[in-house]
Amino acid sequence: MRTLPPKTFQTARLTAAVPESSDTEEAFEIYASDPEVTRYLSWKAYSEPEPLREFLEGRARAWEDGDGHFAWILRLRESGAIVGSIGVELQGHTACFGYVLGKSYWGRGLTAEALNYLTHWALAQPGIFRAWAFCDAENKASARVMEKCGFEREGCLRRWHVCPTIGTEPRDCLVLAKTR
């Protein structure tokens, strides 16, 4: 039987749900159109909402297809405002995480709160033994999020990941993981 994550979850301050087309405008404004937010990511900031809408619709279809790459829109529980997104790609015995948070929500521990919830979920599954993520070697804040969730630095992958906002050449990345 295939392992599927929860379609929704809640933490102390957040709710998470499968992306919907109606999330597009707010996600675009909060994080997806900001080049500073997307600086170290594998995608450039969106210049218009429609491609983001298509992406979010694709992530919603992934839940229907059970394709192994699942994403959630993160909202504040209190106000319902979108703050960012988090995703997991399930491959064999591993769960690889990625996340993005709007700049106005940085420094509050929100990403760690969502990542911690999903890491606990993943490592509680019988077939998952490794939760991991990577970040650009210069993205100290992202590495710190992972460390706050109990991930340990495993090393640096040299010239491994392209951040199109920075340039076309591969950059060094830190790899962190938590295992059981």
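Engineer: What exactly am I supposed to notice about the pairing of strand E6 (residues 130-136) here?
Structural biologist: Consecutive side chains along a regular strand alternate between the two faces of the sheet. Within E6, 5 of the 7 residues are buried, which leaves it mostly tucked inside the rest of the structure. Taken together, the 3 bridges between strand E5 (residues 94-101) and E6 define a ladder with parallel strand orientation. Across the sheet, the residue bridging to Cys 96 is Trp 132, located in E6. Following the chain from E5 across helix H3 (residues 110-123) to the adjacent parallel E6, one finds a crossover that is right-handed.

Engineer: Just to check I follow, could you spell out the packing of aromatic side chains for this structure?
Structural biologist: What describes a pair of aromatic rings is the distance from one ring centre to the other and the angle between the planes of the rings. This structure, assessed with the given rule, holds 7 aromatic pairs. Arranged with centres 4.5 Å apart and planes meeting at 5 degrees, the rings of Phe 9 and Tyr 117 form a pair that is stacked. One end of the pair, Phe 9, is in strand E1 (residues 8-10); the other, Tyr 117, is in helix H3, with 108 residues separating them in the sequence. The exposure class assigned to Tyr 117 is partly exposed, which follows from its relative accessible area of 31%. Aromatic ring contacts, followed pair by pair, group Phe 9, Trp 63, Phe 70, Trp 72 and Tyr 117 into a single cluster.

Engineer: Any chance you could explain the packing of helix H1 (residues 24-32) against helix H2 (residues 49-65) here in plain terms?
Structural biologist: For any two helices packed against each other, one specifies the inter-axial angle together with the distance between the axes. Interhelical geometry of H1 versus H2 gives an angle of 110 degrees and a closest axis separation of 9 Å. One element, H1, and the other, H2, form an angle in the roughly perpendicular class. Along its contact with H1, which presents Thr 24, Glu 25, Ala 27, Phe 28 and Ala 32, the element H2 presents Pro 49, Leu 52, Arg 53 and Leu 56. Its residues placed into classes, the contact of H1 with H2 shows 6 nonpolar, 1 polar and 2 charged.

Engineer: Would you mind showing me how to read the side chain of Ser 142 here?
Structural biologist: You can see Ser 142 is positioned in helix H4 (residues 140-148). You can call Ser 142 buried: its relative accessible area is 11%. In this view, Ser 142 contacts Tyr 99 and Cys 135; residues no more than four positions away in its chain are not counted.

Engineer: Would you mind showing me how to read the packing of H3 against H4 here?
Structural biologist: Relative orientation of the contacting elements H3 and H4 amounts to 45 degrees, with a least axis distance of 9 Å. Judged by the inter-axis angle, H3 sits oblique to H4. The handedness of the crossing between H3 and H4 comes out as right-handed. Along its contact with H3, which presents Thr 111, Ala 112 and Leu 115, the element H4 presents Val 145, Met 146 and Lys 148. Grouping the constituent residues of the contact of H3 with H4 by class yields 4 nonpolar, 1 polar and 1 charged.

About the thresholds
- Residues numbered from 1 in each chain as written.
- Predicted model: local features only at pLDDT ≥ 70, side-chain atom pairs only at ≥ 80, totals over all residues.
- Heavy atoms only, no water.
- Buried < 20%, exposed > 50% of the residue type's maximum accessible area, 1.4 Å probe, protein only.
- Helix = DSSP H or I, 4+ residues; strand = E, 2+ residues; numbered from the N terminus.
- Pairing = 2+ DSSP bridges.
- Right-handed = clockwise from strand over helix to strand, strands pointing away.
- Phe/Tyr/Trp six-rings, centres within 6.5 Å; stacked < 30°, edge-to-face > 60°.
- Axes fitted to C-alpha atoms, helices over the stretch in contact; angles between N-to-C directions.
- Parallel < 35°, antiparallel > 145°, perpendicular 65-115°, else oblique.
- Contact = heavy atoms within 4.5 Å.
- Nonpolar A, V, L, I, M, F, W, Y, C, P; charged D, E, K, R; others polar.
- Left-handed = near helix turned anticlockwise from the far one by under 90°.

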